[in-house]
Amino acid sequence: MAKITSRAEDYSKWYNELVVQADLAENSGVRGCMVIKPYGYAIWEKMRDELDKKFKETGHQNAYFPLFIPKSYFEAEEQNAEGFAKECAVVTHYRLKTDPNNPKKLIVDPEAKLEEELIVRPTSEAIIWNTYKKWIQSYRDLPILINQWANVVRWEMRTRFFLRTAEFLWQEGHTAHATKDEAIEETEKMIHVYSDFVENFMGIPVIRGIKTASERFAGADETYCIEALMQDGKALQAGTSHFLGQNFGKAFDVKFTNKEGKIEHAWGTSWGTSTRLIGGLIMTHSDDLGLVLPPSLAPIQVVIIPIFKGEEQLNQISEVAFEIQEKLKAKGISVKYDDRTENKPGWKFAEYELKGVPIRIAMGARDLENKTVEIARRDNLTKEVQPLENIDIYIEELLKTIQKDIYAKALNYRDSHITPVNSYDEFKKVLEEKGGFISAHWDGTAEEEEQIKNETKATIRCIPLNNKMEDGISLITGKPSKQRVIFAKSY
């Protein structure tokens with residue numbers, strides 16, 4: 001098993017090697033697209049199932065809309081079209097034919113040109129709001145609370161597993177409402193659903209906030225976000241929820257008769273998270289030995305490894321191991337008994353460390369005599385010997401402890417990397433030497449924001465919700481400011 005490059009030596013190389021060696025994903029034959037392998041997809045399934053449950057608990061239903069969007073639909077909301085125009089994959093023809101000059105090759109049939117080009121969805125507001133026009137006539141038809149699990153394509157030249165790929169998996173919520181207040185309430189509700197999931201399920205602390213106008217989703221009046229901090233001091237946008245105002249309602253002429261009998265346009269929201277969260281999971285918790293997974297997301301929560309000499313010892317250990325396995329399964333814990341004989345225990349230990357399995361149970365002949373097992377935690381690499389009696393209860397509680405400890409460790413790192421600064425020189429020094437989130441005053445203009453971005457590559461990640469008001473002066477112009485905002489370099 002090849003050793004992974006350390007984070008200190010080359011963080012980017014560490015990340016890429018870890019994804020491949022832990023069997024999460026690999027490059028595909030299509031540039032910029034990846035194959036998500038079964039172990040990586042099992043993590044996504046756990047994330048998807050939990051989020052789907054939360055969406056349904058808050059009144060949303062799943063539906064599915066076409067992958068292809070007519071260009072005219074996409075053009076209807078100008079800001080949205082302009083914002084995504086450079087990332088769109090476009091279908092222009094509907095047929096191939098055999099190349100007359102080379103019968104073994106195919107060419108695009110020039111006579112099969114589409115009357116109107118189709119956009120491979122980069123996001124689905126256009127196709128969905130065109131559909132809502134047919135669904136909505138009266139206030140009684142509202143609200144519409146729809147979520148879609150799908151793939152999208154955003155053409156990327158520089159890609160990285162999970163974090164930035166030309167095609168990725170995600171969910172996108174699209175809702176329509178009778179009033180502005182209802183739509184804003186929905187937007188805020190969903191950013192809290194995301195933050196609850198990311199913190200309590202993924203073990204990743206986040207800052208909840210609002211994007212500046214220049215960082216806002218194209219076509220939105222307001223974008224709410226959650227921002228996480230990776231171990232290299234860079235930020236990752238972990239989820240967004242957009243208040244769309246009446247922009248799409250007007251663009252697609254989605255009108256309804258309100259309670260007073262007047263005609264008005266519907267109010268909208270959209271919100272989404274994607275497989276980039278798997279990248280965030282890896283970069284928040286993992287170490288130089290491999291993945292560190294919170295128990296709630298681990299495809300295998302417990303692995304049992306026998307240490308034996310000869311078939312007779314293996315059979316004796318297996319008898320006890322199967323009993324432990326059944327007890328743990330009865331508690332809803334996913335457990336694997338690895339009794340393969342072709343690999344030595346040490347090799348197996350390294351394999352499951354690499355894959356981030358939260359708890360490893362080792363059993364040998366002496367353990368059988370003493371009615372004990374050795375338990376190793378993946379998160380802090382500690383080992384202990386525990387009696388076999390009530391081992392299922394002990395493991396159940398230990399998994400809860402590991403989940404809390406993983407979050408606490410990430411929170412401690414995040415909090416120690418939020419640095420208030422009061423001058424531009426201090427800002428640049430902290431950014432280069434320490435990294436992380438920088439809390440600083442900003443004059444509220446796009447000009448200062450753009451200058452800082454161009455000179456330092458740091459962007460305003462968000463204006464935190466429930467931000468403390470405090471007087472100060474902005475970093476460059478020295479204009480008065482009433483609150484600090486969060487800057488960072490980001491993925």
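Structure first, text after, so check above.
A brief report on the enclosed structure follows. These numbers were taken from a predicted model, which means no experiment stands behind them.

### Topic: unusual backbone geometry
Reasoning step 1: For the bond running from Leu-142 to Pro-143, omega is 0 degrees, close enough to zero to count as cis.
Reasoning step 2: By secondary structure assignment, the location of Pro-143 is in the loop between helix 5 (125-135) and strand 9 (144-153).
Reasoning step 3: Located in the positive-phi region is Asp-253, a residue other than glycine, with phi close to 55 degrees.

### Let's talk about the layout of surface pockets
Reasoning step 1: Estimates place the volume of the largest pocket at around 1800 Å³.
Reasoning step 2: Along the walls of the largest pocket sit 47 residues, with Glu-87, Arg-164, Gln-237, Arg-276 and Tyr-491 positioned nearest its centre.
Reasoning step 3: Across the lining of the largest pocket, the residue classes tally to twelve nonpolar, 16 polar and 19 charged.
Reasoning step 4: If you add up the space inside the second largest pocket, you get close to 230 Å³.
Reasoning step 5: Along its surface, the second largest pocket is lined by 17 residues, and Thr-284, His-285, Ile-406, Lys-409 and Ala-410 are the ones closest to its centre.

### Observations concerning the nonpolar core
Reasoning step 1: Tyr-15, Leu-24, Met-47, Phe-162, Met-202 and Ile-282 are the most contacted members of the largest nonpolar core, which has 55 residues in total.
Reasoning step 2: Listed by contribution, the elements that provide at least two residues to this core are helix 1 (11-21), helix 2 (38-57), helix 6 (180-200), strand 12 (222-229), strand 13 (235-245), helix 8 (276-285), strand 17 (302-306) and helix 10 (345-354).
Reasoning step 3: Non-local contacts of Ile-282, meaning those with residues more than four positions away in its chain, are made with Trp-14, Tyr-15, Leu-18, Val-19, Leu-24, Phe-162, Gln-231 and Leu-291.
Reasoning step 4: By size, the runner-up hydrophobic cluster in this structure holds 26 residues, among which are Phe-65, Ile-119, Ile-127 and Ile-136.

### Examining the pattern of salt bridges
Reasoning step 1: A full pass over the atoms with the stated rule returns 30 salt bridges.
Reasoning step 2: Between Lys-348 and Asp-338 there is a salt bridge, and its shortest N-O distance comes to 3.6 Å. Here the residue Lys-348 occupies a position in helix 10, and Asp-338 occupies one in the loop between strand 18 (335-337) and helix 10, the gap between them amounting to ten residues. For the pair Lys-348 and Asp-338, a shared accessibility class is recorded, and that class is buried.
Reasoning step 3: Between Arg-377 and Asp-379 there is a salt bridge whose closest N-O contact spans 2.7 Å.

### Here's the deal with the sheet that holds strand 8 (residues 113-120)
Reasoning step 1: The antiparallel open sheet is built from three strands, whose spatial order is 4-8-5. Edge positions in the open sheet fall to strand 4 (68-70) and strand 5 (89-93), since each of these has one partner strand only. Direction aside, the axes of adjacent strands within the sheet are offset by 40 degrees on average.
Reasoning step 2: Where strand 4 meets strand 8, three bridges bridge the pair, whose relative direction is antiparallel. Within strand 8, the position partnered with Ile-69 by the bridge is Ile-119.

### Thoughts on helix 8
Reasoning step 1: Of all the ten residues making up helix 8, ten are buried; the element is thus mostly covered by neighbouring parts of the structure.
Reasoning step 2: Arg-276, Leu-277, Ile-278, Gly-279, Gly-280, Leu-281, Ile-282, Met-283, Thr-284 and His-285 are the residues of helix 8 that are buried.

### Observations regarding the pairing of strand 10 (residues 167-177)
Reasoning step 1: Most of strand 10 sits inside the fold, with nine of its eleven residues counted as buried.
Reasoning step 2: Pairing of strand 9 with strand 10 involves ten bridges; the strand directions are antiparallel. Looking across to strand 10, one finds that Val-153 is bridged to Glu-167.
Reasoning step 3: With eight bridges connecting them, strand 10 and strand 16 (residues 267-274) associate as antiparallel partners. Across the sheet, residue Thr-175 finds its bridge partner in strand 16, namely Thr-269.

### Quick look at a nonpolar patch on the surface
Reasoning step 1: Together, Leu-96, Leu-106 and Val-108 make up an exposed nonpolar region whose accessible area comes to about 300 Å².
Reasoning step 2: Looking at Leu-106, the relative accessible area reads 58%, which means it is exposed.

### So, the packing of aromatic side chains
Reasoning step 1: A complete count under the given rule lists 16 aromatic pairs for this structure.
Reasoning step 2: Ring geometry for Phe-55 against Trp-149: centres 6.2 Å apart, planes inclined by 35 degrees, an arrangement best described as tilted. One end of the pair, Phe-55, is in helix 2; the other, Trp-149, is in strand 9, with 94 residues separating them in the sequence. A single burial state applies to Phe-55 and to Trp-149, both of which are buried.
Reasoning step 3: Every member of this aromatic cluster is reached through a ring pair, and the members are Trp-44, Phe-55, Trp-149, Tyr-194 and Trp-271.
Reasoning step 4: Here the basic side chain of Lys-355 rests over the ring of Tyr-39, its NZ or CZ set 4.7 Å away from the ring centre.

### Let's talk about helix 2
An α-helix turns once per 3.6 residues; consequently, residues spaced three or four apart project the same way.
Reasoning step 1: Compared with the 28 Å implied by 1.5 Å per residue over 20 residues, the 28 Å span of helix 2 between its first and last C-alpha is a close match.
Reasoning step 2: Looking only at helix 2, the buried set comprises Tyr-39, Gly-40, Ala-42, Ile-43, Trp-44, Met-47, Glu-50, Leu-51, Asp-52, Lys-54 and Phe-55.
Reasoning step 3: Within two residues after helix 2, Gly-59 carries a phi angle of roughly 90 degrees, on the positive side.

Rules behind the numbers
- Residues numbered from 1 in each chain as written.
- Predicted model: local features only at pLDDT ≥ 70, side-chain atom pairs only at ≥ 80, totals over all residues.
- Heavy atoms only, no water.
- Helix = DSSP H or I, 4+ residues; strand = E, 2+ residues; numbered from the N terminus.
- 1 Å grid on protein atoms, 1.4 Å probe; cavity = no way out; pocket = protein on both sides within 12 Å on 5 of 7 lines; lining within 4 Å.
- Points joined across faces, edges and corners; volume = space filled by probe spheres on them.
- Nonpolar A, V, L, I, M, F, W, Y, C, P; charged D, E, K, R; others polar.
- Core = buried A, V, L, I, M, F, W, Y, C linked by side-chain atoms within 4.5 Å.
- Buried < 20%, exposed > 50% of the residue type's maximum accessible area, 1.4 Å probe, protein only.
- Contact = heavy atoms within 4.5 Å.
- Salt bridge = Lys/Arg side-chain N within 4 Å of Asp/Glu carboxyl O.
- Pairing = 2+ DSSP bridges.
- Axes fitted to C-alpha atoms, helices over the stretch in contact; angles between N-to-C directions.
- Patch = residues over 30% accessible without salt bridge, like charges linked within 9 Å, V, L, I, M, F, W, Y side chains within 5 Å.
- Areas by Shrake-Rupley, 256 points an atom, 1.4 Å probe, with all protein chains shown as cover.
- Phe/Tyr/Trp six-rings, centres within 6.5 Å; stacked < 30°, edge-to-face > 60°.
- Lys NZ or Arg CZ within 6 Å of the ring centre and 35° of its normal.
- Expected span 1.5 Å × (residues − 1).

Honestly, it's all geometry; don't read function into it.
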